[in-house]
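Here is how the chains run, residue by residue.
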Amino acid sequence: MMKEEFTISPDMFLPASEEDRDAEKIRRPSIDYWPDVWRRLKQNKLAMVGLIIIVVMSIMSFVGTEINGFKYYEQHYDLINSHPDSVHWFGTDELGRDLFTRVWYGARYSLFIGFMAALLDFVFGVLYGGIAGMATRKVDAVMMRIAEIIYSIPYLLIVILLSVVFSTSGQGSSLFVMILAMSLTGWVPMALLVRGQVLQLKESEYVLAAESLGADHRWILKKHIIPNTLGPILVNVTLSIPRAIFAEATLSFLGLGLQAPKSSLGTLANDGLAGMAVGHSYQILIPAIFISLIMFGFNVLGDGLRDALDPRLRQ
Amino acid sequence: MKKYLLKRFVMAIFTLWAIVTITFVLMHAVPGNPFAKEGKMPEVVYENLQKKYGLDKPLYQQYVIYLRNLLKGDFGDSMKSRVETVNDMIKRGFPVSAYMGFQALLIALIFGPALGALAALNQNKWPDYLSMVIAILGISVPSFIMGTVFIQFIARKVSWLPIGGWGTFAHTILPSFALGLMPLAYTARLMRSSMLEVLGQDYIKTAKSKGIAKSAVILKHAVRNAILPIISVLGTLVSNLLVGSFVVEKIFGIPGLGMFFVKSISNRDYTLIMGTTIFYAIILIISLLLVDLAYMFIDPRIKLAEEGR
Amino acid sequence: MGKVLEVKDLKISFKTFFGEVEAVRGISFDVGKRETVAIVGESGCGKSVTANSIMQLLPMPPAFFKGGEILFNGENLLDKTEKEMKEIRGNQISMVFQDPMTSLNPTMKIGDQIVEGLREHRKLTQKEAEQKAIEMLDLVAVPQPEKRIHQYPHEFSGGMRQRVMIALAMVSTPQLLIADEPTTALDVTVQAQILELMKTLQDRLDMSIILITHDLGVVADMSDRVIVMYAGQIVEQGTVDDIFYRPGHPYTRRLLASVPHPNLSKDEPLQAIEGSPPDLYVPPKGCAFYDRCDRAMKICKDHMPEFISHGDSHCSRCWLHHPMAKQVQDLGKEGA
C-alpha cells in the first residue's frame, strides 16, 4: 500500500463543510433514449453499410435508367446477348435490350413491391392487433386463433396460388396482385406485437383508474409505451422488406412475376436463366447480385436496429 | 400432455382443411373458368374429369366430391397429362424431393448450430465475424441465386460435380447445399444468440465452479440448453425448405415434386396444382406436429409441466 | 496455524466502453481453519467480485486482476494455470451462489449435476458416485433422495434447490466454502434452515466459510469475523463482537443503525444512509464515504485514511481514529 507523503496538520481534522460534500453526486451523464439508439446504430459499421446500400440502390433505381441513354424496352437486334462492355455496361439480353438500364428499372419495381408489401403488412398488422387488443377477451381469442391459422399456412404457397389465379394466363401478374398476395400472411407478427402493447396499455389504464390518478399519468404512459413499441415495429418493418423482395424474386423465378416489358429484378433473373447454359451467365448473375445486395442491406440494417434498440446492450 | 397433443392435432386438421378449401376456391376462381365445359381442355380430358368430379354440378358439390376423394387418398387427375394421375406424379417426384430436403435439413441442423456455437464461444474474435458474415450472406442470397452461383462457379469447374440432373450421390451435393444454406444461416444466427444468452446464465458459473472440463461445460450445459430454441423453429425451417425446393429443382433440373409443381403452374394444370399444393400442405403440417412433439420430449420442463404437476 | 486463505492487496478492475472501473481497490484479509468470515456491504461495494475472483470465475475480459495475491494454503492462485485451477474448483474450494432458481442446469437431472462434479475429482464409478450424491442430499435434508436424484431442478422449490446447491458444493468435502448471498433469494424461515445447515456441515467437515451478504442478521448468526466493504475497499475488520458492539467506522455505525428493530415506534424515522456509493469510474482520491459521512473532516476528502488498529484483530480505516483527530476534538471542546 502506497504511503502518501504529506504532513498531517491539525487543521485538517476540522469538520468538513456541508457544501463540500455531495451525497447524490452522479458522475456519469445519463443519455436520452433515441439519440442513444442512433449513436449505437452509427457505431455498427455493418448496419451503416447496409443503410448506404439501400440509399444508393433507391436513388439509382430512379436515376440509373437515365444514365446511359438506353431505354429499358429499346431492342437492338444486332446486339443481342452481348457481354458487358463499355457501351452496355451490364451487357444486353436476348432481345438486345441494355441490361444496365433494365437492372435499375427492375430494381425500382423490386424495391417498390418490397416497400409496399411491408407497408401493407404494417397497416394490416397494426389494425388487426390494435382491434384485437382493444376488444373483449372472447373476440380477442377468436381473432388470435384465426391469425394463428393464417400464419401456419405457408406464406409462399399462398402467394403462389394467388398469383396463379390472378395472373393472366401465360404472362405474369399485375403489380397490385403481387403486392397484395405478399402482404396476405406476413402481417401476423406485427399484429401480435401491436396487440401485446395495446394489452399492456389497457392494463395500466385500469390500474390508473383504480388509483384515480387522472389523465396526466395516461399521457406519461403514452410517452413510455410508444417508444417501447416503435422500436420493435421498426425492426419488424425493416426485416419484412427483404422477405417480400425474396418472395417476389421467387415468384418471378417461377414465371409468376411482372408482365413483360415491365420487369423486376426477379423476372430479369428468370429471363437470364436460359442464358446460363449458353455462356451468357451474366444475364442471371447481375440481377441476382443486386437482389442479394438489397436483401443484405435490409437484413443488416434490421439487425443493427434490433441491437441498437435492445436496452440490455446499453453501455 | 395428451390434452396439448390433442389440441395441436385438431388445429392441424383444421389448418389443413383451411388450406384445402382455400386452394379449391382459388383454383375455381381463376378467370375464364378452366373447369367449365367451354374451357380449353381437350374433350377427352374433360369427360374424364366430368365423370370424377361432376364438373357440371354446382361448386359446392364438386367441393364435397373433391374432399371425399382426398380422404380416400386420391389427389386427382391431371388436366394436361393423359397418362399419369396426380398420385402417380406425386409418387414419382416426392421421394426425390424428400431425399434432397432431408439432406438439406441435415446440413442446416448440423453445420448451422456448430457455426453458431463457434461464433458465440469466440465472441468478437475472427471466428465470430467469419461465421456471422457467412450467415448474413446465407439469409440474403436466395437459394436460387445460390444454386446459380454454384452451377456457374463450382459445377463448371469441378468435373465430378454434375451441373444438373439426378441419379448419383454427386448429383445431390450442390442442390442440397443450395437449398440448405438459408436454413443453415438461420440456425447459425439463432444458435449464436441462444448460446450467448445461455453462457451468461448462472448455471454455467455453477458448472465451472465444480471444476469440470471445459468441453463438458460447453456441451452438457451450454449447448444442451442453447439448442432448444432451434428445435422450436424447426417447423418454419421445414416450411422454407419446402418452398425453396421448387426453385432449386428448377435450376438443377431435378425431377422432384417441385418440378411438377412448377410445371403445373406454367402449364396452368389446375388439378395438378391443387393436388401438389395439398400434398405439400399435408407434409408441412405433419412436420410441424412432429416438431412440436419432439420439443415436448426434449425440454424436460415442458414434458413434466404438461403431466399436470 | 496456517491460514486457509490469505488475500493480499487484491485489485480487480473492469474494462468497459467508458473506461476502467476499479471494482476492488486493494483489499487484504485472511480466513483461518474452521472460521466463518462474513463480508458485508452495499450492492456494488465489490464483495461479490471478490468472492468470484477467488476461484477465478469472473469473465476475464472485461475483468482483470490489477494486482495483489490470493494465497490458498500458501500458494498464489493467481499464478496457477487453468488446469490447476480446475483441480481446485469443486474440490478444495467450492461455491454456493445467490439465486437457486437460475443456478442449476434446467435440462440436467439433479443427480447427474452432483455426480458430474464428484467424478471429476474422485475415482468413482457411476453407482458409487450416485450413492454419495444420495448421502449428501440426505445430509442436507432433502427427503427421498433416491427418488429425487432423477428429478429436474424445476421440480424442487427454492429452498430445496439451495439445499441441492449446498450438497453439490460439499460433496467433495472442500476446505473452503464461498457462499455468495446464499439466503438472499429465500424466505425468512427457509433462510434460518439453510444457515443451520451450513453451520452443521461446517462442524462435520471442518470447513472454512466465506459468507458474502448484505444482511446483518445473517452475519450475527453465523460469523466469527466480519469484513465491512465500501466502494471497493475494506473499511473495517474485526470479530463479530467488535463490529456489532464497538463499530469504529462511521459507515459501519450507519449500517448497524439502519437495521429496523422491532421496538421502533411509529414516529421514529428509519435511519437510511442518504445518497449512494461513488461511481468507480473515477474513484475518489480520499475516503470514499466522504460525501455521505456526517463526521467528515477536511482531511478526508483528498487523503485516503490508513488502517488504524483498535485492538487485537479489530481495525478500521478512518481518520477519526487518528491520534491527531482526538487532539483536535479535545482542543475544540476546550476552545468552546
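Residues numbered from 1 in each chain as written. Chains lettered and ligands numbered in written order. Predicted model: local features only at pLDDT ≥ 70, side-chain atom pairs only at ≥ 80, totals over all residues.

**Student:** What is the right way to look at the overall build of chain C in this model?
**Tutor:** Tallying secondary structure elements over chain C gives 12 helices and 12 strands in all. A compact globule built from 336 residues would reach a C-alpha radius of gyration of about 20 Å, and chain C, at 22 Å, matches this within 12%. Projected onto the principal axes, the alpha-carbon positions of chain C cover approximately 80 × 50 × 45 Å. In chain C, which comprises 336 residues, the proportion classed as buried is 45%. A separation threshold of at least 6 residues defines the contact pool for chain C, and within that pool the share at least 24 residues apart is 64%. (Helix = DSSP H or I, 4+ residues; strand = E, 2+ residues; numbered from the N terminus. Rg over C-alpha atoms; globule rule 2.2 N^0.38 Å. Buried ≥ 20, exposed ≤ 12 C-beta atoms within 10 Å, placed from the backbone. Contact = placed C-beta atoms within 7 Å.)

**Student:** Would you mind going over the nonpolar core with me for this structure?
**Tutor:** In summary, soluble globular proteins display a tendency toward joint burial of nonpolar side chains. A:Val159, A:Ile160, A:Ile291, C:Ala133, C:Ala167, C:Ile210 and C:Val228 are the most contacted members of the largest nonpolar core, which totals 238 residues. It is helix α10 (residues 282-309) of chain A that provides the largest number of residues to this core, a total of 16 residues. Taken together, domain 1 (3-92 + 174-279) and domain 2 (102-171) of chain C each give at least three residues to this core, which thus spans both. Contacts of A:Ile291, omitting those with residues within four sequence positions, involve A:Ser110, A:Ile245, A:Ala249, A:Leu265, A:Gly266, A:Ala269, B:Pro142 and B:Ile145. (Core = buried A, V, L, I, M, F, W, Y, C linked by C-beta atoms within 7 Å. Domains from an automatic or database assignment.)

**Student:** How should the environment of A:Ser281 be read in this particular structure?
**Tutor:** Residue and element names in this part refer to chain A. Along the polypeptide, Ser281 turns up in the loop between α9 (265-277) and α10. For Ser281, a count of 21 C-beta atoms within 10 Å corresponds to the buried category. In sequence terms Ser281 and Ala269 are 12 residues apart; their C-alpha atoms lie 10.0 Å from each other.

**Student:** Looking at this structure, I do not really get helix α3 (residues 59-71) of chain B. What am I missing?
**Tutor:** The α-helix advances 3.6 residues per turn, and as a result positions three or four apart in sequence lie on the same side. Compared with the 18 Å implied by 1.5 Å per residue over 13 residues, the 18 Å span of α3(B) between its first and last C-alpha is a close match. One or two steps after α3(B), the chain reaches B:Gly73, where phi turns positive at roughly 95°. (Expected span 1.5 Å × (residues − 1).)

**Student:** Would you take a moment to explain the interface of chain B and chain C for this structure?
**Tutor:** The accessible area lost on association of the parts is a frequent measure of interface size. On the chain C side, the residues contacting the 18 residues of chain B number 26 residues. Those elements that place two or more of their residues in the side of chain B that touches chain C are α8 (202-209), α9 (214-226) and α14 (300-306) of chain B. It is α8(B) that contributes the most residues to the side of chain B that touches chain C, seven residues altogether. Grouping the amino acids of the side of chain B that touches chain C by side-chain chemistry returns five nonpolar, six polar and seven charged. (Nonpolar A, V, L, I, M, F, W, Y, C, P; charged D, E, K, R; others polar.)

**Student:** Would you mind showing me how to read unusual backbone geometry here?
**Tutor:** Across residues other than glycine, the phi torsion is negative in most instances, and most of the peptide bonds are trans. All names here are of chain C. Positive phi, close to 60°, is recorded for Arg34, a residue that is not glycine. Note that Arg34 resides in the loop between β2 (19-31) and β3 (36-40). Residue classification places Arg34 among the partly exposed residues on the basis of 15 C-beta atoms within 10 Å. One non-glycine residue, Gln56, lies in positive phi territory at about 55°. Structurally, the position occupied by Gln56 is in the loop between α1 (47-54) and β4 (63-72).

**Student:** Can you walk me through the pairing of β4(C) in this structure?
**Tutor:** If a strand is regular, its side chains alternate between the two faces of the sheet. Residues and elements named next belong to chain C. By the bridge criterion, eight bridges tie strand β1 (residues 5-16) to β4 in an arrangement that is antiparallel. Bridged to Val7 within β4 is Ile70. Note: β4 against strand β5 (residues 75-76), two bridges, orientation antiparallel. Bridge assignment links Leu71 to a residue of β5, and that residue is Asn76. Connecting β4 to the antiparallel partner β5 that follows it, the hairpin turn spans two residues, and Asn73 within it adopts a positive phi of roughly 50°. (Pairing = 2+ DSSP bridges.)

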